[in-house]
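# Structure at a glance
Each chain is listed here by its residues.
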Amino acid sequence: MVDVTSIGDINVDILTEAIESFDENEQKIIEDVKLKVGGGAANFSIWLSKLGMKVRLIGLVGNDYFGNFIIEELRKANVDLKLKRINERTGITVGLQFKDGNKKLVTFRGTNKLLSLEHIKISEIEGEVVHFAGYNLLENLRKDLPQLFREIKNKDKIISFDPDLKSGINFDKNEFFEVVKFVDVMFLNEKEASLISNNFEWFKGRTLVIKRGKYGAMAIENGEKIEIEGIKAEVKNPTGAGDVFNAAFIHHYYLGYDLRECLEFANEEAVKYLQTF
């Protein structure tokens, strides 16, 4: 039985160890680099599975080495896979990670750019919660998301949503608001929240979570605003920490914990992830 279905972006991450910042036109020698599964939907699935939930992942990868690598790693993580494969290149993100918690990412979207409704079967979407990640990276699917979300809501599912607006790709606000009217739980960082609006009235009556990195997080639900402080930690691996936060929050949300407990657990799990590479 599936508890949660995750839909959205899947790629490989090629990440450096956390390093000190350096000047332009300078070469930095590093001691470690890793190839990992990445993408918001995949990262969310892996961590939620680590927490003991039954997770299904729906998305698109290529018939290539990286596609094979992703499938093998996700199977090791006990994620239930409903992935489609096509004769295109799997997405790749190359990341420079820094000891101050910042990162610089360069992304080739690959198959993520091609994901569409034809790759998603509504019958394969199971569980009480459906999480969608990578909205701003999945341009072929964006316009059809209201239709997909309407069908999901007709199945009485809870929809959680991380739009990933940090990519710098311009998004249509009207199109965005057509999507989020079906969403129950929204995850944003502070920059993304400021891009959308100067207030949160547009998400009134639902659960809005703002991730603030080392400064903690806050959530607004039914007029109640909860804030928690950040946890000081050595940063080794910032890429994907937000997805881990999402997974941990949904884990406790699913189990009926209150808003503060959801935030605190999510923050603790994200910090745990930050300290491993």
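Right, let's walk through the structure included here. Source: prediction; values computed, not measured. (Residues numbered from 1 in each chain as written. Predicted model: local features only at pLDDT ≥ 70, side-chain atom pairs only at ≥ 80, totals over all residues. Heavy atoms only, no water.)

## Points about the sheet that holds strand 6 (residues 91–98)
To be explicit about the condition: In this scheme, strands are said to pair when DSSP sees at least two bridges between them. Elements are defined by DSSP. Helices are runs of H or I of four residues or more, strands are runs of E of two residues or more, and each kind is numbered from the N terminus. Fitted lines through C-alpha atoms give the axes, limited to the stretch in contact for helices. The angle between two N-to-C directions lies from 0 to 180 degrees. Residues are treated as being in contact if the distance between any of their heavy atoms lies within 4.5 Å.
Pairing is mixed in the open sheet, where 4 strands are placed in the order 3-2-6-7. Either end of the sheet is taken by a strand with one partner, and the two such strands are strand 3 (33–38) and strand 7 (103–108). Taken pair by pair, the neighbouring strands of this sheet meet at an average axis angle of 20 degrees, ignoring direction. Alignment of strand 2 (residues 11–19) against strand 6, held across 7 bridges, turns out to be parallel. Paired with Ala 18 across the strands is Gln 97, a residue of strand 6. Contacts from helix 2 (residues 65–76) reach strand 2, strand 3 and strand 6 within the one sheet, and its direction differs from that of strand 3 by about 75 degrees.

## Considering unusual backbone geometry
As a reminder, the rule being used: Classification of residues uses two cut-offs on accessible area relative to the type maximum, computed with a 1.4 Å probe and protein chains only: under 20% is buried, over 50% is exposed, and between them is partly exposed.
Although it is not a glycine, Asp 156 adopts a positive phi angle of roughly 60 degrees. Mapped onto the fold, Asp 156 is located in the loop between helix 4 (145–153) and strand 9 (158–162). According to the relative accessible area criterion, Asp 156 is exposed, its value standing at 69%. Its identity as a non-glycine residue notwithstanding, Asp 164 has a phi of 55 degrees, on the positive side. Its place among the elements puts Asp 164 in the loop between strand 9 and helix 5 (173–180). Taking relative accessible area as the criterion, Asp 164 reaches 12% and is therefore assigned buried.

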